[in-house]
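The lines below spell out each chain.
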Amino acid sequence: MSEANAITVDVVSDVVCPWCFIGQKRLDKAVAAAGDVDVRIRWRPFQLDPTIPPQGKDRREYMRAKFGSDERIREIHARIEPLGEAEGISFAFDAIKVAPNTLDAHRLIRWAGAAGEAVQNRLVRRLFQLNFEEGVNIGDHAVLVEAAREAGMDASVVATLLPTDADVEAVRTEIATASRMGISGVPCFLLEGKYAVMGAQDVDTLADAIRQVAAAKARGELDKVG
């Protein structure tokens, strides 16, 4: 595939956002539906709640404080679960015991990007699975090290870096940049760094946006995309 027919999609997301997991599945389908467009995916950080302490919070108590009642939480989960099922996701919300701070997960995703697009994609998918389908605490360093190993990263290097402040400020700067760009909710799909598709849009919408931007880029008319 030629460089002219390649586009980059930066996915701004948080690995504890259920809509981001749904969006990831839909993006995969959209890329497949976009035909011969060469799509390069990069995962960018966002934190739904950066105030959660490093050790996390009891998720049930956290959700009650956020939404007011168990009934309201059940309503929210009941709305999301069938949408996930349609994308092959088995949401297990009741299995999630800890609401984690995701800063370390985003550091790991950043390091995975340095190891290559395929490694980063594998890692992000695994973190979504661990949190939403297995109820595992993705704020736990041991969990992150094992996820890194499964994604094909050097787990010993990850284990050495996680307890340090390596790339903490870099990740926070990226999150701040997203905020300055007006991104207040996720997922957000940034095509060629110029055009944003907000939310977990349906596959056809995403695929159409990918095709439009790729065609405009190939014609040298990227700035004219509507």
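Values in this document were obtained by computation on a predicted structure and should not be read as measured data. (Residues numbered from 1 in each chain as written. Predicted model: local features only at pLDDT ≥ 70, side-chain atom pairs only at ≥ 80, totals over all residues. Heavy atoms only, no water.)

Caption draft 1: View of the packing of aromatic side chains. Overall, the coordinates contain seven aromatic pairs when judged by the stated rule. A centroid spacing of 6.3 Å and a plane angle of 70° characterise the contact between Trp-43 and Phe-128, whose relative ring orientation is edge-to-face. Remark: Phe-128 occurs in helix α5 (residues 117-132) and Trp-43 occurs in strand β2 (residues 38-45); sequence separation between them is 85 residues. Among the residues examined, Trp-43 registers a relative accessible area of 5% and is labelled buried. Judged by its relative accessible area of 0%, Phe-128 falls in the buried class. Taking the centre distance of 4.9 Å and the plane angle of 10° together, the rings of Phe-91 and Phe-93 count as stacked. Cluster of aromatic residues (ring-pair linked, three or more members): Phe-21, Trp-43, Phe-91, Phe-93, Phe-128 and Phe-132. (Phe/Tyr/Trp six-rings, centres within 6.5 Å; stacked < 30°, edge-to-face > 60°. Helix = DSSP H or I, 4+ residues; strand = E, 2+ residues; numbered from the N terminus. Buried < 20%, exposed > 50% of the residue type's maximum accessible area, 1.4 Å probe, protein only.)

Caption draft 2: Region of the structure containing the sheet that holds β2. Spatially, four strands are ordered β2-β1-β5-β6 in an open sheet, and the strand pairing comes out mixed. The open sheet has two edge strands with one neighbour each: β2 and β6 (195-198). Neighbour-to-neighbour, the strand axes of the sheet open up by a mean angle of 25°, direction not taken into account. Seen against the sheet, helix α1 (residues 18-33) touches β1 (6-13), β2 and β5 (188-191) and runs at an angle of roughly 165° to β2. (Pairing = 2+ DSSP bridges. Axes fitted to C-alpha atoms, helices over the stretch in contact; angles between N-to-C directions. Contact = heavy atoms within 4.5 Å.)

Caption draft 3: Layout of the nonpolar core. Membership of the largest hydrophobic core comes to 65 residues, with the highest contact counts inside it found for Ile-7, Leu-123, Leu-127, Met-153, Leu-191 and Ile-210. At eight residues, the largest contribution of residues to this core is made by helix α9 (residues 203-218). If near-sequence neighbours (up to four positions away) are discounted, Ile-210 is found in contact with Ile-7, Leu-27, Ala-30, Val-31, Ala-34, Val-37, Val-39 and Leu-191. If you look at the next biggest cluster of nonpolar residues, it comprises five residues, including Ile-52, Tyr-62, Met-63 and Ile-73. (Core = buried A, V, L, I, M, F, W, Y, C linked by side-chain atoms within 4.5 Å.)

Caption draft 4: Main features of the environment of Ala-147. Assignment of secondary structure puts Ala-147 in helix α6 (residues 141-151). Take Ala-147: its relative accessible area is 1%, and that puts it in the buried class. For the pair Ala-147 and Pro-100, spaced 47 residues apart in sequence, the C-alpha to C-alpha distance is 16 Å. Setting aside its immediate chain neighbours within four residues, Ala-147 contacts Leu-123, Arg-126, Leu-127 and Leu-130.

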